[in-house]
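Next come the chains, spelled out residue by residue.
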Amino acid sequence: MKSPIERHCPDSKRLEMLLLDVDPRDAERKRLQLHLQQCSKCRQESKEIDAFYNILVKEMQRPVSNRLLDFSQKLCNNKTLVALFDCEPLDEKPNGHGKGYHVKLLHLSSQDPAKSMTQFDLKALPKDHIVLRLVIDPDCQTTVCYLWNAVLEEYENWTLDLPFGDDPFLVAANGVVKIPYLFHDRLDDKNVYFNFRPTSLQETTRFEKILESMV
Ligand SMILES: [Zn+2]
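## Re the overall build of the chain
(1) Moving on: The number of helices and strands found in the chain is five helices and eight strands.
(2) Moving on: Mapped from its N terminus to its C terminus, the chain presents α and β elements in the order α-α-α-α-β-β-β-β-β-β-β-β-α.
(3) Moving on: For the chain, the proportion of its 215 residues judged to be buried stands at 19%.
(4) Moving on: Look at the contacts in the chain between residues 6 or more apart in sequence, and 70% of them connect residues 24 or more apart.

## Quick word on the nonpolar core
(1) Moving on: Among the nonpolar cores identified, the biggest contains 30 residues, and Phe85, Cys87, Leu132 and Leu147 are the most heavily contacted of them.
(2) Moving on: Elements with a minimum of two residues in this core: β1 (81-89), β2 (99-108), β3 (130-137), β4 (142-148), β5 (158-161) and β8 (191-196).

## Digging into the pairing of β4
(1) Moving on: In terms of burial, β4 is a largely internal element, five of the seven residues being buried.
(2) Moving on: The pairing of β3 with β4 spans seven bridges and is antiparallel. In the strand pairing of β4, arginine 133 is matched with tyrosine 146.
(3) Moving on: Hairpin remark: β3 followed by β4, antiparallel, with four residues in the connecting loop; positive phi at glutamine 141, about 50 degrees.

## Topic: unusual backbone geometry
(1) Moving on: A positive phi angle, near 50 degrees, is found at glutamine 141, a position not held by glycine.
(2) Moving on: Within the secondary structure, glutamine 141 sits in the loop between β3 and β4.
(3) Moving on: One non-glycine residue, asparagine 157, lies in positive phi territory at about 70 degrees.
(4) Moving on: With respect to the helices, strands and loops of the structure, asparagine 157 is situated in the loop between β4 and β5.

## Examining the sheet that holds β8
(1) Moving on: Strand order in the open sheet formed by eight strands is β6-β5-β8-β2-β1-β3-β4-β7, with antiparallel pairing between adjacent strands. In the strand order of this sheet, the two ends are held by β6 (169-170) and β7 (176-179), each with one partner.
(2) Moving on: In this structure, β1 lies alongside β3, joined through seven bridges in antiparallel fashion. Within β3, the position partnered with cysteine 87 by the bridge is isoleucine 130.

## Some remarks on the confidence of the model for the chain
(1) Moving on: Put simply, the chain has an average pLDDT of 83, and 85% of its residues get 70 or more.
(2) Moving on: Within the chain, no element has a lower average pLDDT than helix α5 (residues 206-212), which sits at 65, and none a higher one than β2, at 94.

## Observations concerning the pairing of β5
(1) Moving on: Bridging between β5 and β8 involves four bridges; their strand directions are antiparallel. Note that in β8 the partner of aspartate 161 across the bridge is tyrosine 193.
(2) Moving on: Sheet topology note: the β5/β6 ladder contains two bridges and is antiparallel. Bridge pairing in β6 places leucine 160 opposite phenylalanine 169.

About the thresholds
Each chain has its residues counted from 1, running along the sequence as written. The predicted origin of the model limits local features to residues at a pLDDT of at least 70 and limits the giving and counting of side-chain atom pairs to 80 or more, whereas totals for whole chains, interfaces and linings rest on all residues. Numbering of helices and strands runs from the N terminus, with a helix taken as a DSSP run of H or I at least four residues long and a strand as a DSSP run of E at least two residues long. Exposure classification rests on a simple neighbour count of other C-beta atoms within 10 Å of a residue's own: a residue reaching 20 or more is buried, one at 12 or fewer is exposed, and one in between is partly exposed. C-beta atoms are placed from the backbone. Whether two residues are in contact is decided by their C-beta atoms, placed from the backbone, lying within 7 Å. In this description, a nonpolar core means buried residues of the types Ala, Val, Leu, Ile, Met, Phe, Trp, Tyr and Cys, linked to one another by C-beta atoms lying within 7 Å. Two strands make a pair as long as DSSP finds a minimum of two bridges between them. Residue-level confidence of the predictor is summarised by pLDDT, bounded by 0 at the bottom and 100 at the top.

Next comes the structure, spelled out in structure tokens:
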């Protein structure tokens, strides 16, 4: 038997959409807030939905592990290259491009096929270094760059400036950067710049955050 309050319960889908901020209509949001104050059943359900999305958002924004890159390379054809670079901060003040780093190749899968990414102890590098992990696919002509740093877990609003005159590239919160198709030799022994670009105050909904992290 439903209580008088439970007769006004939104259905699960509706509740989920409201919690994801997909529907911006204020009246409906206020109705839901009022309802949640009164209805323990929906409160419980919204708590569970909340917990699920919090974990999902966190997981998708986490930097990709070396293990996963190794795994994806094994899945791909053996023409796919993986390159590992150490970026050491330059001894100079940040300029208009951001903070400068000198790039050095640490590992290239085609030169040393027996070695995998997981064999590198990245944590042994100084904490202010940033690691670039490039996955280069000659068949699809794509290069994707994955950032790694011992301390940082989020790269929201970061940009990466590469040494060939393009506009800076936007870094996704999980440290993934889509860069033009290029080989490791275009970056080795060059300087790159990382910058922080604050975005407008407009808040993104949780749903948009999940979509964004799916790049
Ligand atoms: Zn309810």
